[in-house]
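Remarks on the overall topology
Below are the chains, spelled out letter by letter.
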Amino acid sequence: MNEQIIILDFGSQYTQVIARRIRECQVFSTILRFDTPAAEIARLAPRGLILSGGPNSVYAADAPVPDIGIFNLGIPILGICYGVQIFAHFLGGKVEKGTKREYGKGTLTLRDAKCPLFRKLPKTLQVWNSHGDKLSRLPTGFKAVAITDNSEYAAIEHPAKQLYGIQFHPEVAHTPRGKEIIANFVHGICRSGSGWTMRHYRDQAIEEIRAQVGKERVLLGLSGGVDSSVAAALLHEAVGEQLTCIFVNNGLLRAREAEVVREVFGRHFKIRLQYEDASDLFMRRLRGVTDPERKRKIIGRTFIEVFQAATRRAGKARFLAQGTLYPDVIESVPIAGNPAAMIKSHHNVGGLPKKMKFSLVEPLRYLFKDEVRALGLELGLPAEIVNRQPFPGPGLAVRVLGEVSRKKCDILRKADAIVVEEMKSTGWYYKIWQSFAVLLPIRSVGVMGDERTYDFTIALRAVESQDGMTADWVKLPYDLLERLSSRIINEVKGVNRCVFDITSKPPGTIEWE
């Protein structure tokens, strides 16, 4: 990437948010471990460097610290929260526990309106804090720029060395003018341009794919989800008929899923599409299975088996493409107290085994989910595919509670199609994270047409979330809920009752299994 800002991650839960805010400035951002050698950072030639927050005290025995050489790179550095305390640790300041902690909303008052970090911003700002320690003595050569109720050094600068530190978090939504602070650093201080656009990424990614693949063939497992769909469109534009997409119908798909994939990719984009109907095999292996984890393992193993056989039928190919995204390849920093306590593994197509001798192509590995959607629109994919809500890998198997059967899947598919249709027609589908139907293993007595019924129950689920890690249930309008219930009960044979799930995550999960 030509121009970038590098973020050193000290274990903050907001590091990825910082990266996204920089990209919203149309500048590429890269997240690296806190202990990345200064020489490696210099080799990447960033326009600037950001030190993230973190859960530790900078003077703790096991506190994460960077290579001191970063202060000799001659580039602007912004320290956020724990990052500003790193300045004190290395450059002659002092950090102590505050007399009271600062968590949540606070008021920042500027003392020096000339500081470029706060250019064109008012003297008083609402900010969001999350810290117990604070600067008690300025690092050598720094001056105070702003204060809060609990900190006389809430923002500091060393103009000659272009070092800037802030105790609050500008990256979060609770700092309303935070995006402007980050933009002032990225554009005003680092003098970065605005060249990071989806058109730029598309052109550069196509060049890189062609350079990697050459004249060899590429296989891609196409699920119909956003990531694999965008990867397919991008790869096809890069290598054309060298790409073969393999679509596996496991019998656990949404309504018209196979039909839409074959229409959009096979007939519209003219992508070579190999369709594998393995629904009988999946259903047979799921017969009698009720435990959710067993279901997932059976589906995963069966997918690998089917996909391996499909690759052999597809003919010789050197490359396997995957829709891996940037959050999947970022190395989470396992620092005690932070939520990222393990190294994330690459997610791949069904967890394919290493014995499949392919070289990987991962054309989306630098993108976040919202950027993938933007790229999809840039490539001409239908909005219906690009903006679709997340769908679980095991499909309807984890939304049919208990034993899975064709009959139950058909019932759920019809109910879920009504949910999608009504949510789209009212505009709610694109406002929230996820909305879907769940078939419960509960049958209850009802009355329809003066006759007694004894049928299944459908649970409706609608949640709002930013990343799926936490979620809250959505308060859908009563008239929409009424219409959903009425249509499902009247149009889906085998259902006589609807309920609405009002559980947040935690304590519940988004999916029921």
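All figures in this text were calculated on a predicted structure; none of them were measured in a lab. (Residues numbered from 1 in each chain as written. Predicted model: local features only at pLDDT ≥ 70, side-chain atom pairs only at ≥ 80, totals over all residues. Heavy atoms only, no water.)

1. Topic: the overall build of the chain
Going by this rule: What counts as a helix is a DSSP run of H or I of at least four residues, what counts as a strand is a run of E of at least two, and both are numbered from the N terminus. When we talk radius of gyration, it's over C-alpha atoms, and the globule rule is simply 2.2 Å times the number of residues to the 0.38. Burial status follows relative accessibility: with a 1.4 Å probe on protein chains alone, a residue under 20% of its type maximum counts as buried, one over 50% as exposed, and anything between as partly exposed. Contacts between residues were defined by any pair of non-hydrogen atoms, one from each residue, lying within 4.5 Å.
Looking only at helices and strands, one finds 14 helices and 18 strands in the chain. In terms of C-alpha radius of gyration, the chain reaches 26 Å, essentially the compact-globule figure of 24 Å for 513 residues. Seen through its C-alpha atoms, the chain measures out along the principal axes to roughly 80 × 60 × 40 Å. Evaluated residue by residue, the chain yields a buried proportion of 55% over its 513 residues. For the chain, the proportion of contacts with a sequence separation of at least 24, taken over those separated by at least 6, is 74%.

2. Some words on the layout of surface pockets
So the rule is basically this: Here a cavity denotes a set of grid points, spaced 1 Å apart and computed over the protein atoms alone, in which a 1.4 Å probe fits but from which it cannot get out, and a pocket denotes an open set meeting protein on both sides within 12 Å along at least five of seven lines; residues with an atom within 4 Å of a point are reported as lining. Grid points are joined across faces, edges and corners, and a volume is the space filled by probe spheres set on the points. Nonpolar residues are Ala, Val, Leu, Ile, Met, Phe, Trp, Tyr, Cys and Pro. Charged residues are Asp, Glu, Lys and Arg, and all others, Gly as well, are polar.
As a volume, the second largest pocket reaches approximately 400 Å³. Every residue lining the second largest pocket is counted, 22 residues in all, and those nearest its centre are Arg 254, Ala 255, Arg 388, Val 420 and Lys 424. Broken down by secondary-structure element, the contributors of at least two residues to the lining of the second largest pocket are helix H7 (257-268), helix H12 (383-386), helix H13 (406-425) and strand S15 (434-448). In terms of residue count, H13 provides more of the lining of the second largest pocket than any other element does, 6 residues in total. Of the residues in the lining of the second largest pocket, the class split is 9 nonpolar, 3 polar and 10 charged.

3. What about helix H8 (residues 279-286)?
By the burial criterion, the buried members of H8 are Ser 279, Leu 281, Phe 282, Met 283 and Leu 286. Looking at the buried residues of H8, the elements they touch are strand S11 (243-249), strand S12 (272-277), helix H9 (292-314) and H13. Just beyond H8, the residue with positive phi is Gly 288, at close to 80°.

4. What about the environment of Leu 364?
Secondary-structure assignment places Leu 364 in the loop between strand S14 (359-361) and helix H11 (369-378). Note on Leu 364: relative accessible area 0%, which makes it buried. Taking C-alpha positions, Leu 364 is 9.4 Å from Leu 375, a pair spaced 11 residues apart along the chain.

5. Regarding the pattern of salt bridges
Our working rule: Salt bridges are defined as contacts in which a side-chain nitrogen from Lys or Arg sits within 4 Å of a carboxyl oxygen from Asp or Glu.
Considering all chains together, one arrives at 31 salt bridges under this definition. Between Asp 410 and Arg 413 there is a salt bridge, with the nearest N and O atoms lying 3.1 Å from each other. Placement of the pair is Asp 410 and Arg 413 together in helix H13, with a separation of 3 residues, close to one helical turn. Of the residues examined, Asp 410 reaches a relative accessible area of 38% and is grouped as partly exposed. Residues participating in the shared-partner salt-bridge network are Glu 421, Glu 422, Arg 483, Arg 487 and Glu 491.

6. Details of the confidence of the model for the chain
To keep things clear, this is the line we draw: Residue-level confidence of the predictor is summarised by pLDDT, bounded by 0 at the bottom and 100 at the top.
In the predicted model, the chain carries a mean pLDDT of 90, and 93% of its residues have values of at least 70. When pLDDT is averaged over each helix and strand of the chain, the minimum, 76, is found for strand S5 (residues 94-110) and the maximum, 98, for strand S3 (residues 48-51). Within the model, the stretch residues 336-351 combines pLDDT values under 50 with 42 contacts to residues more than four positions away or in other chains.

7. Some points on the nonpolar core
Spelled out, the test is: For our purposes a nonpolar core is just a set of buried Ala, Val, Leu, Ile, Met, Phe, Trp, Tyr and Cys residues, chained together by side-chain atoms within 4.5 Å.
Ranked by internal contacts, the top residues of the largest apolar core, which has 50 residues, are Leu 252, Val 404, Met 423, Ile 458, Leu 476 and Ile 488. Among the secondary structure elements, those contributing two or more residues to this core are S11, H8, H9, H13, S15, strand S16 (451-464), helix H14 (478-491) and strand S18 (495-500). Beyond its immediate chain neighbours, meaning those up to four positions away, Val 404 contacts Leu 252, Met 283, Leu 286, Val 289, Lys 295, Ala 397 and Cys 409. In terms of nonpolar packing, the next biggest core, distinct from the first, is built from 43 residues, Leu 220, Leu 222, Ala 238 and Val 386 among them.

8. Observations regarding empty space enclosed by the protein
Applying the stated rule across the entire model yields 1 cavity of 30 Å³ or more. Reported here for the largest cavity is a volume of approximately 40 Å³. As for the largest cavity, its lining consists of Val 419, Met 423, Ser 435, Phe 436, Leu 460, Arg 461, Ala 462, Leu 476, Leu 481, Leu 484 and Phe 500. Breaking the lining of the largest cavity down by element, the ones donating at least two residues are H13, S15, S16 and H14. Counting residues per element, the lining of the largest cavity draws most heavily on S16, at 3 residues.

9. Notes on the packing of aromatic side chains
Filter applied, for reference: Between rings of Phe, Tyr and Trp, where Trp is taken as its six-membered ring, a pair exists when centres lie within 6.5 Å; planes separated by under 30 degrees are stacked, by over 60 edge-to-face, and by other angles tilted.
Within the structure shown, the criterion is met by 15 aromatic pairs. On the basis of an interplanar angle of 90° and a centroid distance of 5.8 Å, the ring pair of Tyr 14 and Trp 128 is categorised as edge-to-face. Here Tyr 14 is found in the loop between strand S1 (4-9) and helix H1 (15-24), whereas its partner Trp 128 is found in strand S6 (residues 124-137), with 114 residues between them in sequence. Of the two residues, Tyr 14 and Trp 128, both sit in the buried class. Here the aromatic rings of Phe 71 and Phe 90 are separated by 5.9 Å at their centres, their planes lie at 55°, and the arrangement is tilted. Of this pair, Phe 71 sits in the loop between S3 and strand S4 (77-80) while Phe 90 sits in helix H3 (residues 82-91), and the two are 19 residues apart along the sequence. Take Phe 90: its relative accessible area is 23%, and that puts it in the partly exposed class.

10. Side note on the pairing of S1
To keep it simple, the criterion reads: By this definition, two strands are paired if DSSP reports at least two bridges between them. Classification remark: right-handed applies to a crossover when, strands pointing away from the viewer, the course from the first strand over the helix to the second runs clockwise.
Of all 6 residues in S1, 6 are buried, a share of seventy percent or more. Of the two faces of S1, the one holding Gln 4, Ile 6 and Leu 8 and the one holding Ile 5, Ile 7 and Asp 9 are both buried throughout. Alignment of S1 against strand S2 (residues 28-33), held across 6 bridges, turns out to be parallel. Paired with Asp 9 across the two strands is Arg 33, which belongs to S2. Each parallel crossover has a hand, and for S1 linked through H1 to S2 it is right-handed. Across 4 bridges, S1 lies against S3 in parallel orientation. Within the sheet, the bridge partner assigned to Ile 7 lies in S3 and is Ile 50.

11. A closer look at the sheet that holds S14
Rule in force here: Note on method: axes are straight lines fitted to C-alpha atoms, helices fitted across the in-contact stretch only, with angles between N-to-C directions ranging 0 to 180 degrees.
The strand order across the open sheet built from 5 strands is S12-S11-S10-S13-S14, with neighbouring strands paired in parallel fashion. Of all strands in the sheet, those bounded by a partner on one side alone are S12 and S14. This sheet shows a mean twist of 30° between the axes of neighbouring strands, independent of strand direction. Here 3 bridges tie strand S13 (residues 319-321) to S14, and the two strands are oriented parallel to one another. Across the sheet, the residue bridging to Phe 319 is Ser 359, located in S14. In this fold H7 packs onto S11 and S12, with an angle of close to 165° to the strand it touches most, S12.

12. A few points about the side chain of Asn 250
Spelled out, the test is: Side-chain atoms alone can form a polar contact between residues adjacent in sequence; in general such a contact is a pair of N or O atoms within 3.5 Å, and within protein one must be able to donate a hydrogen while the other accepts it.
Here Asn 250 is to be found in the loop between S11 and H7. At a separation of 2.8 Å, a polar atom in the side chain of Asn 250 contacts the main-chain amide nitrogen of Leu 252. Those residues in contact with Asn 250 that sit more than four places away from it in its chain are Ser 279 and Phe 282.

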